[in-house]
Amino acid sequence: QAYLGDIYYFGEGVAQDDGRAFELYSQAAQQGHAHSQSNVGIMYRDGHGCEQSYERAAEWWAKAAEQRYAEAQTNLGHAYCAG
């Protein structure tokens, strides 16, 4: 699911589709996949494939950060600094 999310997010061999990427990342994130949790956070931050929400972004980054996923830790830190 995470790999397919990347394929749709970047449009690699398929039409680029943020909505489908968000759906796939979300499925993997619900299963505890840290990279996907971080990507769901990014998509919420940017409003790609979903309604923009800084609060939801921070929630997903926190889940990935708890698993020591460095990118999510960085994004969560920036979110806290930005308020």
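Source: prediction; values computed, not measured.

Chemist: Before we move on, can you summarise the pattern of salt bridges with the specific residues and values?
Modeler: Oppositely charged side chains can form a pair if their charged atoms are brought close together. Evaluation of the coordinates by the stated rule reveals three salt bridges. Two residues, Arg56 and Glu59, come together in a salt bridge whose shortest N-O distance is 3.2 Å. Taken as a pair, Arg56 and Glu59 lie in helix α4 (residues 54-66) at a separation of three residues, close to a single helical turn.

Chemist: Which residues make up unusual backbone geometry, and what are the values?
Modeler: We note that Arg68 has phi near 65 degrees; this positive angle belongs to a residue other than glycine. Inspection of the secondary structure assignment puts Arg68 in the loop between α4 and α5 (70-82).

Chemist: Give a description of the environment of Leu76 that names residues and reports values.
Modeler: Among the secondary structure elements, Leu76 is positioned in helix α5. On the accessibility criterion, Leu76 (10% relative accessible area) is buried. Considered as a pair, Leu76 and Glu66 are ten residues apart in the sequence and their alpha carbons are 11 Å apart. Those residues in contact with Leu76 that lie beyond four places of it in its chain are Ala58, Trp61, Ala62 and Ala65.

Chemist: For the packing of helix α3 (residues 34-46) against α4, give the residues involved together with the corresponding values.
Modeler: Closest axis-to-axis distance for the α3/α4 pair is 8 Å, and the angle between their directions is 165 degrees. Considered as vectors, α3 and α4 are oriented roughly antiparallel to each other. In this structure, α3 crosses over α4, and the sense of that crossing is left-handed. Residues Ala34, Gln37, Ser38, Val40, Gly41, Ile42, Tyr44 and Arg45 of α3 lie in contact with α4, whose contacting residues are Tyr54, Arg56, Ala57, Trp60, Trp61, Lys63 and Ala64.

Criteria and cut-off values
Residues numbered from 1 in each chain as written. Predicted model: local features only at pLDDT ≥ 70, side-chain atom pairs only at ≥ 80, totals over all residues. Heavy atoms only, no water. Salt bridge = Lys/Arg side-chain N within 4 Å of Asp/Glu carboxyl O. Helix = DSSP H or I, 4+ residues; strand = E, 2+ residues; numbered from the N terminus. Buried < 20%, exposed > 50% of the residue type's maximum accessible area, 1.4 Å probe, protein only. Contact = heavy atoms within 4.5 Å. Axes fitted to C-alpha atoms, helices over the stretch in contact; angles between N-to-C directions. Parallel < 35°, antiparallel > 145°, perpendicular 65-115°, else oblique. Left-handed = near helix turned anticlockwise from the far one by under 90°.

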